[in-house]
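# Inside the fold
Each chain, letter by letter, is given below.
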Amino acid sequence: MCQLLGMNCAEKTDFCFSFSGFRMRGGQSDKHSDGWGIGIYEGRGLRTFVDTLPAAESPIAEMIGHYPIKTLNMIAHIRYATQGSKDDLANVHPFQRELWGIQFSFCHNGDVQKFGSGVLDHPLLGKTASEYGFGCGKTFHPVGDTDSESLFCAILNALRAEYGEVPPTLPQLYKTIQSLCEEIIEGEEDSAILNFLMGCGEFTLLAYSWPGSRPGSAVWNGLFYTIRQPPFTTAELADIDYKVDFSTVTTEQDRVAVITTKPLTTNETWIEMKRGELLMFDKGLPYADLRGCALVEREGRGLCSKLKADTNLNTVKVATMVGKAIDVDPILIPTKVCSLTRRLSSNSLSQLDEETIS
């Protein structure tokens, strides 16, 4: 199967060290030689490179490995093709789509049969097929032939059906993605392998793991992460003879979370994600619950969008009113309550009362 790499940082950092080891698994130290890709967030922009050549041989990958692009958030993928032609660039991860004026990116390692290329009708997730969802039907469609891209489009369609034209808060996003992952796995708990990284703009990286091995294979497909932070030490790559003393090239403000399919280094502590675990990374730290996501939201590091800026004031007003009424942190108010703002004009907002809320 494929392998994933993600980095999420407190300060803008280049990824040359980790990527140099990771790309060797694309045909040199491992057999993932059916293409590779990388998505690098730079402000609101997303710089992507994809190639059907093995990452260990690709001149583009070689260039990127020596090009110190600094970022807060990035994902990368090396491919071992199981669905879709290995020569078709449309099948190379990461995939990207715009939603709410935000660049979302996605790479996946695993096997989810219900979204396979041989399935004519992929399931609709969440409210995509519901009369209660925003819009109707599908907005996002796969270009290539992989279950990974079909899955990504299904997730985005479900998010749009749930939230319409206004992006959610981070707690809402976390809760919805967690629910969608449970829906994806349902009925295939023993056979599905679902590990993915999803970049949600400049700051936010989501990682989900439902690990496993394919029938007849001893290769374990999961996700591991490590946090590099002060006091920094020397890290040694597992795939090539290369080490860096990070204490000489970092500051006290630096912190980097590195997420990957298999540990990249031999002398760092790597934590394996639990089955069914969803982590949200921000500033190089993992968050595994709604309150952690809410703390990040309060710091102004939620989903950044012009659409959100236009409606944020009304959403906060409604959430605050409801929160006071039921003694709950406003930022954790359920989606249905906060979505009232999408049906209210600023003139009618002042008329909102307890009867309307209930």
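Provided above is the structure to which this section pertains.
Now for a description of the structure that goes with this document. (Residues numbered from 1 in each chain as written. Predicted model: local features only at pLDDT ≥ 70, side-chain atom pairs only at ≥ 80, totals over all residues. Heavy atoms only, no water.)

Right, let's get into the overall build of the chain. Looking only at helices and strands, one finds nine helices and 15 strands in the chain. Nonlocal contacts in the chain, meaning residues at least 24 apart in sequence, comprise 73% of its contacts between residues at least 6 apart. (Helix = DSSP H or I, 4+ residues; strand = E, 2+ residues; numbered from the N terminus. Contact = heavy atoms within 4.5 Å.)

Before going further, it helps to spend a moment on the pairing of strand 1 (residues 3–13). Within strand 1, nine of the 11 residues are buried, leaving the element largely enclosed by the surrounding structure. In terms of strand pairing, strand 1 meets strand 4 (residues 71–78) through seven bridges, oriented antiparallel. Looking at strand 4, one finds that Leu4 is bridged to His77. Pairing geometry for strand 1 and strand 12 (residues 256–260), over five bridges, is antiparallel. Its bridge partner being in strand 12, Leu5 is matched across the sheet by Thr260. (Buried < 20%, exposed > 50% of the residue type's maximum accessible area, 1.4 Å probe, protein only. Pairing = 2+ DSSP bridges.)

Turning to the sheet that holds strand 13 (residues 271–272), a few remarks are in order. The sheet built from seven strands is open, its strands ordered 3-2-4-1-12-9-13 with antiparallel pairing. Of all strands in the sheet, those with a lone pairing partner are strand 3 (45–51) and strand 13, marking the two edges. Its contacts with the sheet put helix 1 (residues 16–23) on strand 1, strand 2 (36–42), strand 4, strand 9 (224–228) and strand 12, and the angle it makes with strand 1 is roughly 175°. (Axes fitted to C-alpha atoms, helices over the stretch in contact; angles between N-to-C directions.)

The packing of two helices is summarised by the inter-axis angle and the distance between the axes. Following both chains from N to C, one finds helix 4 (residues 170–185) and helix 5 (residues 290–298) inclined at 145°, their axes separated by 7 Å at the closest point. Read as a crossing pair, helix 4 and helix 5 show a hand that is right-handed. On the side of helix 4, the interface is formed by Leu170, Pro171, Tyr174 and Lys175, while helix 5 contributes Leu290, Cys293, Ala294, Val296 and Glu297. Looking at the contact of helix 4 with helix 5 residue by residue, the class counts come to seven nonpolar, no polar and two charged. (Left-handed = near helix turned anticlockwise from the far one by under 90°. Nonpolar A, V, L, I, M, F, W, Y, C, P; charged D, E, K, R; others polar.)

Tracing the chain through its elements places Thr128 in the loop between strand 6 (102–111) and helix 3 (147–163). A distance of 3.4 Å separates the side chain of Thr128 from the backbone nitrogen of Ala158, its partner in a polar contact. (Polar contact = N/O pair within 3.5 Å; in protein donor to acceptor, adjacent residues only side chain to side chain.)

This part takes up unusual backbone geometry. Negative phi characterises most residues that are not glycine, and trans characterises most peptide bonds. Residue Pro94 follows His93 across a cis peptide bond; omega there is -5°. For Pro94, the location among the structural elements is in the loop between strand 4 and strand 5 (95–99). Each neighbour pair has its own omega, and for Pro230 with Pro231 the value is -5°, a cis peptide bond. Within the fold, Pro231 resides in the loop between strand 9 and strand 10 (234–236). Positioned with a positive phi, Trp100 is a non-glycine residue whose angle comes to about 60°. By the secondary structure assignment, Trp100 is in the loop between strand 5 and strand 6.

Our next topic: the pattern of salt bridges. For the coordinates displayed, the defined rule picks out 10 salt bridges. Across the pair Arg25 and Asp239 runs a salt bridge whose closest N-O atoms are separated by 2.9 Å. With a gap of 214 residues between them, Arg25 in the loop between helix 1 and strand 2 and Asp239 in the loop between strand 10 and strand 11 (243–245) connect regions that are remote in the sequence. Judged by relative accessible area, Arg25 falls into the buried class, the value being 3%. What makes Asp239 buried here is its relative accessible area of 19%. The partner of Lys262 in a salt bridge is Asp30, with the nearest N and O atoms 3.5 Å apart. Residue Lys262 is located in the loop between strand 12 and strand 13, and its partner Asp30 is located in the loop between helix 1 and strand 2; the two are separated by 232 residues in the primary sequence. A relative accessible area of 22% places Asp30 in the partly exposed class. (Salt bridge = Lys/Arg side-chain N within 4 Å of Asp/Glu carboxyl O.)

Turning our eyes to something else, we now look at the sheet that holds strand 6. Overall, antiparallel pairing links the six strands, which are arranged 5-6-7-8-14-15 in an open sheet. Both edges of this open sheet fall to strand 5 and strand 15 (285–287), since each of them pairs with a single strand only. Adjacent strand axes in the sheet meet at a mean angle of 25°, parallel and antiparallel pairs treated alike. Note that strand 5 and strand 6 share five bridges and pair antiparallel. Counted as the bridge partner of Arg97 is Phe104 from strand 6.

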